[in-house]
Each structure stands twice: as C-alpha cells, then as structure tokens.
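# Close look at the chain arrangement
The lines below spell out each chain.
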Amino acid sequence: MKIKISIPTERIHNPIISESIIDTGIMLNIMVANIDSTYGELIADVNDSRFNGIKKALESRGAIVAILDRPIHRDEEECVDCGACISVCPMNVYSFDETWSLCVDEKKCIQCGMCIKMCPHGALKLGE
Ligand code: SF4
Ligand code: SF4
C-alpha cells in the first residue's frame, strides 16, 4: 500500500526513517521525498502486512503516517482525451492507447492532486 509520512519541524533533524527501517526490518520503497530544514513529506510503498509495524515505529518517533487510499477517479463521460493530465502527473498514471484514448493506472497514483487542477473538463477527482 502507499502511505504518506509527514515529519514535523521539531523532528526534521532526527533520522526517523532509517531508524524505523533498521529497528523493524520493514522495507519502505520511497517514491517521492520532499524534505528541507523545516518539514518533510515522503510517499512510500509498504507491504500491506507490514504496515502496522512501520506505522508504530514511525509514529513513536514523531512522524505522522496516513494511508493513501483515495486514488484518482476519472469521469469517462466528461473526459475528452485532451492529454493535459499526462504532462503533469509525476507518477505516469496516464497514457494514451493506440487509438489515442486515455488510459488510467490508478494503482500508481500518489494523490498529489496536480492533474485535477489541470483538467479543463473537471473530469478528475480523488476517490471517496
Ligand atoms: S493525483 Fe497526482 S499522482 Fe495521482 S494521477 Fe493525479 S497527478 Fe498523478
Ligand atoms: S485532462 Fe481531463 S479531459 Fe484531458 S485527458 Fe485528462 S482527464 Fe481527460
């Protein structure tokens, strides 16, 4: 499953991620990391069965952990296959097939919301 790990300012100088991985032996596949001296936010993949373990380890060190379980949803009635969403998605969720129809691989979505702002037809929203 995909998870978001937020690291607050007061913990940003602690090696929260590496300590949690070493202590639990649970691997994280870090897909996106935005970290500076004031705040950190990471998107990572973790095996479903290991989620509770890594969540406990991260939260005990001051991180905030949330499951990303609302991937993008496209309204096929509204979509005009313009391709604007393809260019902004950082995870390559969108592509055209051989007939230039839009294909959506929801499993890759990290719920950043970039494509929603770009869609000229309001065809995209995060799932409920
Ligand atoms: S929400 Fe972000 S990751 Fe998901 S499809 Fe849109 S641009 Fe891609
Ligand atoms: S930007 Fe909107 S209308 Fe254009 S292809 Fe993507 S979902 Fe369809």
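As shown above, the structure is provided for reference.
Structural notes, computed from the coordinates. Predicted model, so just to flag it, every value in this text is computed and none were measured.

## A few points about the pattern of salt bridges
In the structure shown here, the tally under the stated rule is six salt bridges. Ionic pairing is found between Glu 19 and Arg 61, a salt bridge with its closest N-O pair at 2.9 Å. Residue Glu 19 is found in helix 1 (residues 16-24), and its partner Arg 61 is found in the loop between helix 2 (51-60) and strand 4 (64-67); the two are separated by 42 residues along the sequence. With a relative accessible area of 36%, Glu 19 lands in the partly exposed category. Classification of Arg 61 by relative accessible area gives buried; the value is 15%. Where Glu 59 meets Lys 55, a salt bridge forms, and the shortest distance between an N and an O atom there is 3.2 Å. Placement of both Glu 59 and Lys 55 in helix 2 is noted, with a separation of four residues, approximately one turn of the helix. Taken together, the salt bridges that share partners define one network made up of Glu 19, Asp 23 and Arg 61.

## Considering the site of ligand 1
The full set close to ligand 1 counts 13 residues, and Cys 89, Cys 109, Cys 112, Gly 113 and Cys 115 are the nearest of them. Put simply, ligand 1 lies in the second largest cavity. A class-by-class count of the residues in the shell around ligand 1 yields eleven nonpolar, two polar and no charged.

## Notes on the packing of aromatic side chains
Considering all chains together, one arrives at one aromatic pair under this definition. With a centroid separation of 5.3 Å and 65 degrees between ring planes, the pair formed by Phe 96 and Trp 100 is classed as edge-to-face.

## Digging into the sheet that holds strand 1 (residues 2-7)
Across the sheet, four strands lie side by side as 2-3-1-4; this open sheet has antiparallel pairing. Only two strands of the sheet have a single partner each, and these edge strands are strand 2 (29-35) and strand 4. Neighbour to neighbour, the strand axes of the sheet diverge by 15 degrees on average, direction disregarded. Along the sheet, helix 2 makes contact with strand 1 and strand 4, crossing strand 4 at roughly 155 degrees.

## Description of the nonpolar core
Judged by nonpolar contacts, the single largest core of 17 residues is most densely connected at Ile 72, Cys 85, Val 93, Tyr 94, Cys 115 and Leu 124. Beyond its immediate sequence surroundings of up to four residues, Tyr 94 is in contact with Ile 72, Cys 85, Ile 86, Cys 89, Leu 102, Cys 103, Val 104, Cys 115 and Leu 124. Of all hydrophobic cores here, the second largest spans 16 residues; its members include Ile 12, Ile 26, Leu 58 and Val 65.

About the cut-offs
- Every chain is numbered on its own, with residues counted from 1 as its sequence reads.
- Starting at A for chains and at 1 for ligands, labels are handed out in the order in which the entities are written.
- This being a predicted model, a pLDDT of at least 70 is required before a residue's local features are given, and a value of 80 or more before pairs of side-chain atoms are given or counted; all residues contribute to the totals for chains, interfaces and linings.
- By convention in this description, side-chain values take in all heavy atoms of the structure and omit both hydrogens and water.
- The salt bridge definition used is simple: a Lys or Arg side-chain nitrogen within 4 Å of an Asp or Glu carboxyl oxygen.
- Here a strand is any run of E in DSSP of at least two residues, a helix any run of H or I of at least four, and the numbering for each starts at the N terminus.
- Exposed residues in this analysis have more than 50% of their type's maximum accessible area, buried residues have under 20%, and partly exposed residues fall in between, with area computed by a 1.4 Å probe over protein chains only.
- Residue proximity to a molecule or strand is established when one non-hydrogen atom of the residue lies within 4 Å of it.
- Two kinds of site are reported from a 1 Å grid over the protein atoms alone, namely cavities, where a 1.4 Å probe fits but cannot get out, and pockets, open sets with protein on both sides within 12 Å along at least five of seven lines, and residues are called lining when an atom falls within 4 Å of a point.
- Should more than half of a molecule's atoms lie within 2 Å of a pocket's or cavity's grid points, that molecule is taken to sit in it.
- In this classification, Asp, Glu, Lys and Arg are treated as charged, Ala, Val, Leu, Ile, Met, Phe, Trp, Tyr, Cys and Pro as nonpolar, and every other residue, Gly included, as polar.
- Aromatic rings from Phe, Tyr and Trp, taking only the six-membered ring of Trp, are treated as a pair when their centres fall within 6.5 Å; an angle between ring planes under 30 degrees marks them as stacked, one over 60 as edge-to-face, and anything in between as tilted.
- Should DSSP find at least two bridges between two strands, the strands are taken to pair.
- Lines fitted to C-alpha atoms define the axes, with helix axes restricted to the stretch in contact, and inter-axis angles between N-to-C directions lie between 0 and 180 degrees.
- Residue contacts follow a heavy-atom distance rule, with two residues in contact if any of their heavy atoms lie within 4.5 Å.
- Take the buried Ala, Val, Leu, Ile, Met, Phe, Trp, Tyr and Cys residues and link them wherever side-chain atoms come within 4.5 Å; each set so joined is a nonpolar core.

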